[in-house]
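Letter by letter, the chains look like this.
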Amino acid sequence: MPSNDPAGAPAPQRSVMLAAAVTVVLWASAFIGIRAAGHDFTPGALTLGRIAVGTVALTIIAAVAGRFRLDRVTGRLPQGFPRGRVLAGVLVWGVLWFGVYNVTLNAAERTLDAGTASLLVQLAPILTALVAGFTLGEGFPARLLTGIGVAFTGVAVIAWASSSGSSDLGAVLLGIASAVLYSIGALLQKRLLPSVDALTMTWLGCLAGTVAALPFAGALVADLAAASPSATLGVVYLGVFPTAIAFLTWAYALSHTTAGRLSATTYVVPPIAVLLSWWLLGEVPTPVVLVGGALSIAGVVIATRKPAARTAVPAR
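Residues numbered from 1 in each chain as written. Predicted model: local features only at pLDDT ≥ 70, side-chain atom pairs only at ≥ 80, totals over all residues. Heavy atoms only, no water.

Per an unreviewed UniProt entry, the protein chain carries the name DMT family transporter and comes from Myceligenerans crystallogenes.

Next comes the structure, spelled out in structure tokens:
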């Protein structure tokens with residue numbers, strides 16, 4: 001993946017879209033991983049296991065990339081390493097998104113079906129686009145708002161078609177809390193990325209979330225002792241791919257595009273999750289679900305496509 005400097009230098013559009021595509025595919029696969037591991041691991045234990053594995057993977061990547069090389073003159077960490085208020089912001093972001101968000105989402109999905117959970121979580125891109133329009137100066141492009149509306153309709157169709165009707169109020173509130181935390185994480189990260197590179201921020205954030213989740217260490221040890229090998233492998237997969245790699249590609253893409261536009265791309269997560277369930281778990285989607293997936297994809301295309309440049313008319 002191309003390197004990212006704190007200044008947010010322009011990057012090829014193809015690289016940004018590729019990074020976003022990697023993120024949404026891996027985040028979609030997380031639904032499969034959570035399903036594989038969720039029966040054997042409690043929400044807190046699953047969170048700690050996932051982000052601990054993610055921290056190890058990111059530490060290896062950061063070491064290979066030279067993020068820990070000390071300055072030969074001062075003996076300190078590299079100049080681009082965050083300090084002061086920026087470091088504090090990164091740590092808070094990591095605790096909220098890697099730690100608290102995962103706990104609330106894992107707890108919600110113990111009783112929420114996948115369709116309802118995806119619908120609630122996909123409130124986040126709407127919140128992100130609205131807040132970013134006011135606070136980050138991204139505005140409210142008609143194309144973005146239209147695309148978000150179409151994509152959200154598609155997700156609502158998927159949720160309605162796959163809902164079991166057994167959701168309780170507490171789980172729904174946890175799902176909404178997850179969406180709010182998702183939105184806060186995306187907005188805070190967008191503000192911090194001009195001051196810290198994507199790899200360093202992702203690594204530090206995942207590390208902070210892991211430290212915050214250490215109270216679940218006892219539950220993790222107990223669950224590991226009783227878990228099946230496939231569930232344990234599911235936790236490892238969640239840590240390496242949907243956590244370490246996907247959050248890294250997300251940070252790279254976010255540093256080169258608007259928060260509202262990038263958040264809109266996550267509306268393809270539910271239809272991709274449906275296709276992965278079809279392929280890996282043999283869960284054949286209904287025609288209504290396929291229609292919802294088509295709407296979600298169409299909405300993302302509308303929201304992320306840049307308007308065609310107007311051709312200047314020569315003066316007479």
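Some words on the overall build of the protein chain
Basically, it comes down to this: Secondary structure is summarised from DSSP: a helix means a run of H or I of at least four residues, a strand means a run of E of at least two, and numbering begins at the N terminus for each. Residue contacts are defined here by distance: any two heavy atoms, one from each residue, within 4.5 Å place the two residues in contact.
Secondary structure summary: the protein chain contains 13 helices and zero strands in total. Mapped from its N terminus to its C terminus, the protein chain presents α and β elements in the order α-α-α-α-α-α-α-α-α-α-α-α-α. Within the protein chain, residue pairs in contact and separated by at least 24 positions form 89% of the contacts whose partners lie at least 6 positions apart.

Here's the deal with the packing of aromatic side chains
Note the cut-off: Any Phe, Tyr or Trp ring, taking Trp's six-membered ring, that has another such ring centre within 6.5 Å forms a pair; planes under 30 degrees apart are called stacked, those over 60 apart edge-to-face, and the others tilted. A simple rule labels every residue: compare its accessible area, found with a 1.4 Å probe on the protein chains alone, to the largest value its type can have, and call it buried under 20%, exposed over 50%, or partly exposed in between.
Tallied over the entire structure, the rule returns 13 aromatic pairs. Between the aromatic rings of Trp93 and Trp97, the centroid separation amounts to 6.2 Å while the plane-to-plane angle is 80°, which identifies the pairing as edge-to-face. Residue Trp93 and its partner Trp97 are located together in helix H3 (residues 84–108), separated by four residues, close to a single helical turn. For the pair Trp93 and Trp97, one class covers both residues: buried. Aromatic ring contacts, followed pair by pair, group Trp27, Trp93, Trp97, Phe98, Tyr101, Tyr182, Phe247 and Trp250 into a single cluster.

So, the nonpolar core
In plain terms, the rule: Only buried Ala, Val, Leu, Ile, Met, Phe, Trp, Tyr and Cys residues count toward a nonpolar core, and they belong to the same one when joined by side-chain atoms within 4.5 Å.
One finds Trp27, Phe41, Trp97, Tyr182 and Trp250 to be the most contacted residues of the largest nonpolar core, which totals 65 residues. Ala129, Leu144, Ile148 and Val155 belong to the second-largest nonpolar core, a separate cluster that totals seven residues.

Quick word on helix H8 (residues 198–212)
Filter applied, for reference: The span one expects for a helix is its residue count, reduced by one, times 1.5 Å.
Counted at 1.5 Å a residue, the expected span for H8 with its 15 residues is 21 Å, and the 21 Å between its end C-alpha atoms agrees. Counting buried residues along H8, 12 of its 15 residues qualify, which places the element largely inside the surrounding structure. Taken as a whole, H8 has its buried residues at Ala198, Leu199, Thr200, Met201, Thr202, Trp203, Leu204, Gly205, Cys206, Ala208, Gly209 and Thr210. On its buried face, H8 is in contact with helix H2 (43–64), H3, helix H7 (169–192) and helix H10 (229–254).

Topic: the environment of Leu199
Relative to the assigned elements, Leu199 resides in helix H8. Its relative accessible area of 10% is what places Leu199 among the buried residues. When the C-alpha atoms of Leu199 and Ala244 are compared, they prove to be 9.7 Å apart, with 45 residues separating the residues in sequence. With residues near it in sequence (within four places) discarded, Leu199 still touches Leu58, Ile61, Ala62, Ala65, Arg67 and Leu248.

A short note on the environment of Ile176
Summarising the element assignment, Ile176 is placed in helix H7. Judged by relative accessible area, which is 34%, Ile176 ranks as partly exposed. With 72 residues separating them in the primary sequence, Ile176 and Thr104 have C-alpha atoms 9.2 Å apart.

Examining the side chain of Thr55
Its location among the elements puts Thr55 in helix H2. Setting aside anything within four residues of it in sequence, one finds Thr55 in contact with Trp203, Cys206, Leu207 and Thr210.

Digging into a nonpolar patch on the surface
As a reminder, the rule being used: Within this analysis, patches are made of residues with over 30% relative accessible area and no salt bridge. Like charges are joined at 9 Å or less; nonpolar side chains (Val, Leu, Ile, Met, Phe, Trp, Tyr) at 5 Å or less. Per-residue and other accessible areas follow the Shrake-Rupley method at a 1.4 Å probe size, with only the shown protein chains counted as cover for residues. The rule for a salt bridge is simple: a side-chain nitrogen of Lys or Arg has to be within 4 Å of a carboxyl oxygen of Asp or Glu.
A cluster of nonpolar side chains, contributed by Leu127, Leu169, Leu173, Ile176, Val180 and Ile184, occupies part of the molecular surface with about 500 Å² of accessible area. Along the chain, Leu169 falls in helix H7. Take Leu169: its relative accessible area is 61%, and that puts it in the exposed class.

Some points on the side chain of Thr265
Definition in use: The definition of a polar contact used here is a pair of N or O atoms within 3.5 Å, where within protein one atom must be able to donate a hydrogen and the other to accept one, and adjacent residues in sequence count solely through side-chain atom pairs.
Tracing the backbone shows Thr265 in helix H11 (residues 259–265). Taking the relative accessible area as the measure of exposure, Thr265 reaches 8% and is therefore buried. Within the local environment of Thr265, its side chain forms a polar contact with the backbone oxygen of Leu262, the two atoms lying 2.5 Å apart.

Looking at the packing of H8 against H10
Think of two packed helices as two axes; the pair is described by the angle between the axes and how far apart they sit. As a reminder of what qualifies: Lines fitted to the C-alpha atoms define the axes, with helices restricted to the stretch that makes contact. Angles between their N-to-C directions range from 0 to 180 degrees. These descriptions rest on fixed angle ranges, namely under 35 degrees for roughly parallel, over 145 for roughly antiparallel, 65 to 115 for roughly perpendicular, and the rest for oblique. Here a crossing is called left-handed whenever its near helix is offset anticlockwise from the far helix by less than a right angle, and right-handed whenever the offset is clockwise. Residues are grouped as follows: Ala, Val, Leu, Ile, Met, Phe, Trp, Tyr, Cys and Pro are nonpolar; Asp, Glu, Lys and Arg are charged; every other residue, Gly included, is polar.
Packing of H8 against H10 brings their axes to within 9 Å, and their N-to-C directions diverge by 135°. Between H8 and H10, the angle falls in the class oblique. Crossing of H8 against H10: the hand is right-handed. Between H8 and H10, the residues in contact are Ala198, Leu199, Thr202 and Cys206 and Thr243, Phe247, Leu248, Ala251 and Tyr252, respectively. By residue class, the composition of the contact of H8 with H10 is seven nonpolar, two polar and no charged.

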